[in-house]
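Results of the structural survey
Okay, here's what each chain looks like letter by letter:
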Amino acid sequence: MGFLDNLKAKLAPAKDKAAGLAQQHGGKIEQGLDKAARTVDQKTKGKYSDKINTGTQKAKDAVDRLGTKDQGGRPPTV
């Protein structure tokens, strides 16, 4: 086994735990992302709004992917 294979094997449990947490707390995570985006947008006086919105949406998509991975790609049931 190579170095990357060993690393992947060691990180698999952490990824599974992150997926479970994303599934349980997805709403709270998205609220936190929105709050952080609003704060940064206010501090930069709207200068980077488009980049902030893009980054926030990508982060939300990543949380959604993590949360739905255990269910075979189906959205979580609430």
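In short, a report on the structure.

The rules behind these values
Residues numbered from 1 in each chain as written. Predicted model: local features only at pLDDT ≥ 70, side-chain atom pairs only at ≥ 80, totals over all residues. Heavy atoms only, no water. Helix = DSSP H or I, 4+ residues; strand = E, 2+ residues; numbered from the N terminus. Buried < 20%, exposed > 50% of the residue type's maximum accessible area, 1.4 Å probe, protein only. Areas by Shrake-Rupley, 256 points an atom, 1.4 Å probe, with all protein chains shown as cover. Salt bridge = Lys/Arg side-chain N within 4 Å of Asp/Glu carboxyl O. Axes fitted to C-alpha atoms, helices over the stretch in contact; angles between N-to-C directions. Parallel < 35°, antiparallel > 145°, perpendicular 65-115°, else oblique. Contact = heavy atoms within 4.5 Å. Nonpolar A, V, L, I, M, F, W, Y, C, P; charged D, E, K, R; others polar. Patch = residues over 30% accessible without salt bridge, like charges linked within 9 Å, V, L, I, M, F, W, Y side chains within 5 Å. Expected span 1.5 Å × (residues − 1). Bend = angle between axes of the 7 residues up to and from the residue.

Time to look at the overall build of the chain. Secondary structure summary: the chain contains two helices and zero strands in total. Taken across its 78 residues, the chain has 14% of its residues classed as buried. A total of about 6,300 Å² of accessible surface is found on the chain, and carbon and sulfur atoms cover 57% of it.

With that settled, consider the pattern of salt bridges. In this structure the tally under the stated criterion is one salt bridge. Of the charged contacts, one joins Asp 34 and Lys 60 as a salt bridge, the two residues approaching to 2.6 Å between their closest N and O atoms. Of this pair, Asp 34 sits in helix H1 (residues 3-43) while Lys 60 sits in helix H2 (residues 49-68), placing them 26 residues apart in sequence.

This part covers the packing of H1 against H2. The axes of two packed helices give the description: the angle between them and the distance between them. Contact pair H1 / H2: the axes reach a minimum separation of 8 Å and the direction vectors enclose 175°. On the basis of their axis angle, the class for H1 and H2 is roughly antiparallel. Between H1 and H2, the contacting residues are Ala 19, Ala 22, Gln 23, Gly 26, Ile 29, Glu 30, Leu 33, Asp 34, Ala 37, Val 40 and Asp 41 on the first element and Ser 49, Ile 52, Thr 56, Ala 59, Lys 60, Val 63, Asp 64, Leu 66 and Gly 67 on the second. Among the residues forming the contact of H1 with H2, the class breakdown is ten nonpolar, five polar and five charged.

Now for the environment of Gln 31. Within the fold, Gln 31 resides in helix H1. Taking relative accessible area as the criterion, Gln 31 reaches 57% and is therefore assigned exposed. Once the C-alpha coordinates of Gln 31 and Lys 60 are considered, the two residues, 29 residues apart in sequence, prove to be 9.8 Å apart.

With that out of the way, let us pick up a nonpolar patch on the surface. Together, Phe 3, Leu 4, Leu 7 and Leu 11 make up an exposed nonpolar region whose accessible area comes to about 440 Å². Position of Leu 7 relative to the elements: it lies in helix H1. What makes Leu 7 partly exposed here is its relative accessible area of 37%.

Taking 1.5 Å of rise per residue, 41 residues should cover 60 Å, yet H1 covers just 42 Å from first to last C-alpha, more than 12% shy of that figure. Along its length, H1 reaches its greatest deviation from straightness, about 80°, at His 25. Looking at the buried side of H1, the elements it contacts are H2.

Leave glycine aside and you will find that most residues have negative phi; peptide bonds, for their part, are mostly trans. A positive phi angle is found at Lys 45, which is not glycine, with a value near 55°. Among the structural elements, Lys 45 can be located in the loop between H1 and H2.

Purely geometric stuff here, so don't read any function into it on its own.
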